[in-house]
Amino acid sequence: MTKPNIAILGATGVVGREITKIVDELKIEFNKIKFLSSARSAGTKLEFQGKTYTVEEAKPESFDGVNIVLASAGASTSKLFAPEIVKRGAVLVDNSSAFRMETDVPLVIAYVNDEDLRRHKGIIANPNCSTSQLMLVLKPLIDKNPMKRLIVSTYQAVSGAGLAAINELTDNTKARLAGVNFENKCFKKPIAFNVIPQIDVFCENGYTKEEMKVVNETKKILHLPADLPISCTAARVPVYNGHSEAVDIEFENEITPDKVREILKNSFGVKVIDNPDNFEYPTTYDASGVDPVFVGRIRKNLAFKNGISLWCVADNLRIGAALNTVRICKKLIEMELY
């Protein structure tokens, strides 16, 4: 098979730039590559693999001759261009929420449910950031011992809300330290020195859309029963980068913390740091800028009969967005599915 022509849609955004960097890091082989954005960002110069590229405005004809599109430009942009991309014979790997729960669109974490890629019809969805890191931890565990119940609490960095949110944390912190008033725009409450128990809008059931993404996407990716009990609470914390999650799992059969450590130490994309006696456990400092999902604080859950509690941390811009997008691209090439 010939090397693919690749387009990166949303190339000037936070995740788009990370996608570009990881295409190089993972040594993705391509014939040609182009960088696309909105009209506002078109004309921006990007350095990539020793060459200077000019970012082009995304138009339907931009996808002529393209084989794989890596998109992180928002749901509305993805919905606008998806029909044009598919019509021209390309595969869209989409990082937005636009298609995640569509029944005929595979929702994929590379190395977790790769076989789902085979049923794509031109669109593949990349899961939500908080779901993504969780899947690399859950999949090897439930392969050994089926899951009966899952409770997740997330502590999510501001970078998950984009560049404006990153800047708001900086500006809000400076204002707070200087004792001056600050008008928050990205968040419903001040983010500096605060924890906000809301990410996205509230649903009728009292959960936020972010929390329901974890519930629904987990079931879709892992092919779990619709009635399997999963609950999530998602909070925004004043951290620039790196999502943290407290995870409580009830298994069908008895399992020990040592067994969980053994399984995860031998699992793709996971690194165990778990020696509390020496204060060794993962934090967002450990995860920022690197690929693994870090796991620690593995212990027996005191509320469930066959329960395990653990703490996992990952760089949300990488595993939660850009890294998985590029890993899917790599899988498409390896499996000759473009």
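Quick caveat, the model's predicted, so the values are computed rather than measured.

Colleague: I would appreciate a short explanation of the pattern of salt bridges in the present structure.
Modeller: Side chains carrying opposite charge are able to pair once their charged atoms draw close together. Tallying each qualifying case throughout the model produces 17 salt bridges. K87 is paired through a salt bridge with E84; the nearest N and O atoms lie 3.4 Å apart. Highlighted residues: K87 and E84, both in helix α2 (residues 75-87), separated by 3 residues, approximately one helical turn. Using a relative accessible area of 62% as the deciding quantity, one classes K87 as exposed. Between R88 and E84 there is a salt bridge, and its shortest N-O distance comes to 2.5 Å.

Colleague: How do you make sense of helix α5 (residues 209-222) when you look at a structure like this?
Modeller: Since the α-helix advances by 3.6 residues per turn, residues separated by three or four positions end up pointing in the same direction. Relative to the 20 Å expected for 14 residues at 1.5 Å per residue, α5 spans 20 Å between its end C-alpha atoms, a close match to the ideal helical length. The buried count for α5 comes to 12 of 14 residues, which makes it a mostly enclosed element. Among the residues making up α5, those that are buried are E210, E211, M212, K213, V214, V215, E217, T218, K219, K220, I221 and L222. Where α5 ends, the next residue or the one after it, H223, has phi of about 55°, a positive value.

Colleague: Please clarify how the sheet that holds strand β10 (residues 230-236) should be interpreted in this entry.
Modeller: Strand order in the open sheet made by the 6 strands is β10-β9-β11-β14-β13-β12, with mixed pairing throughout. Every other strand in the sheet has two partners, leaving β10 and β12 (270-272) as the edge strands with one partner each. Neighbour to neighbour, the strand axes of the sheet diverge by 20° on average, direction disregarded. Looking at chain direction, strand β13 (residues 293-300) and strand β14 (residues 307-314) are connected through 5 bridges and run antiparallel.

Colleague: Hey, could you run me through the packing of aromatic side chains in this one?
Modeller: The description of an aromatic ring pair rests on the distance of the ring centres and on the angle between the ring planes. A full pass over the atoms with the stated rule returns 7 aromatic pairs. Considering the side-chain rings of F35 and F48, the 5.7 Å spacing of their centres and the 75° angle between planes classify their relative orientation as edge-to-face. Taken together, the positions of F35 in strand β2 (residues 32-37) and F48 in strand β3 (residues 45-48) put the pair 13 residues apart, joining distant regions of the chain. Judged by its relative accessible area of 3%, F48 falls in the buried class. Summarising the aromatic geometry, the rings of Y155 and W311 are spaced 5.6 Å apart at their centres and angled 40° between planes, so their arrangement reads as tilted. One end of the pair, Y155, is in strand β9 (residues 147-156); the other, W311, is in strand β14, and 156 residues separate them in sequence. Classification of Y155 by relative accessible area gives partly exposed; the value is 33%. Its relative accessible area of 24% is what places W311 among the partly exposed residues. Members of the aromatic cluster, joined through ring pairs, are F30, F35, F48 and Y53.

Colleague: It is not clear to me how the environment of T283 should be interpreted in this structure. Could you clarify?
Modeller: Relative to the helices and strands, T283 is located in the loop between β12 and α7 (284-287). Judged by its relative accessible area of 33%, T283 falls in the partly exposed class. The spacing of T283 and G242 is 41 residues in sequence and 8.4 Å in space, taken between C-alpha atoms.

Colleague: Can you help me understand the side chain of D315 in this one?
Modeller: Along the chain, the position of D315 falls in the loop between β14 and α8 (318-334). Although D315 is buried, it makes no salt bridge; R318 carries the closest opposite charge, 5.0 Å away. In this structure D315 touches N241, G242, A287, S288, G289, V290 and G320, once residues within four positions along its chain are discounted.

Colleague: Please clarify how helix α1 (residues 14-25) should be interpreted in this entry.
Modeller: Here α1 spans 17 Å end to end across 12 residues, near enough to the 16 Å set by a 1.5 Å rise per residue. Listed in full, the buried residues belonging to α1 are V15, G16, E18, I19, T20, I22 and V23. Structurally, α1 contributes buried residues whose contacts are with β1 (5-9), β2, β3, β6 (68-71) and α8. Note on α1: the residue one or two positions beyond its end, K27, has a positive phi of about 55°.

Colleague: Is there a simple way to think about the side chain of R327 in this case?
Modeller: Tracing the chain through its elements places R327 in helix α8. The side chain of R327 is buried and forms no salt bridge, while D291, the nearest opposite charge, is found at 4.5 Å. Each residue touching R327, except ones within four places of it in the same chain, is listed here: L26, A110, Y111, L136, F268, D291 and I319.

Colleague: Which parts of the structure should I look at to understand unusual backbone geometry?
Modeller: Glycine aside, residues mostly have negative phi angles, and peptide bonds mostly take the trans form. Unusually for a residue other than glycine, Q49 sits at a positive phi of about 50°. In this structure, Q49 sits in the loop between β3 and β4 (51-54). Here the phi dihedral of F279 falls at roughly 60°; this positive angle occurs in a residue that is not glycine. Looking at the secondary structure, you find F279 in the loop between β12 and α7.

Rules behind the numbers
Residues numbered from 1 in each chain as written. Predicted model: local features only at pLDDT ≥ 70, side-chain atom pairs only at ≥ 80, totals over all residues. Heavy atoms only, no water. Salt bridge = Lys/Arg side-chain N within 4 Å of Asp/Glu carboxyl O. Helix = DSSP H or I, 4+ residues; strand = E, 2+ residues; numbered from the N terminus. Buried < 20%, exposed > 50% of the residue type's maximum accessible area, 1.4 Å probe, protein only. Expected span 1.5 Å × (residues − 1). Pairing = 2+ DSSP bridges. Axes fitted to C-alpha atoms, helices over the stretch in contact; angles between N-to-C directions. Phe/Tyr/Trp six-rings, centres within 6.5 Å; stacked < 30°, edge-to-face > 60°. Lys, Arg positive; Asp, Glu negative; His and termini not counted. Contact = heavy atoms within 4.5 Å.

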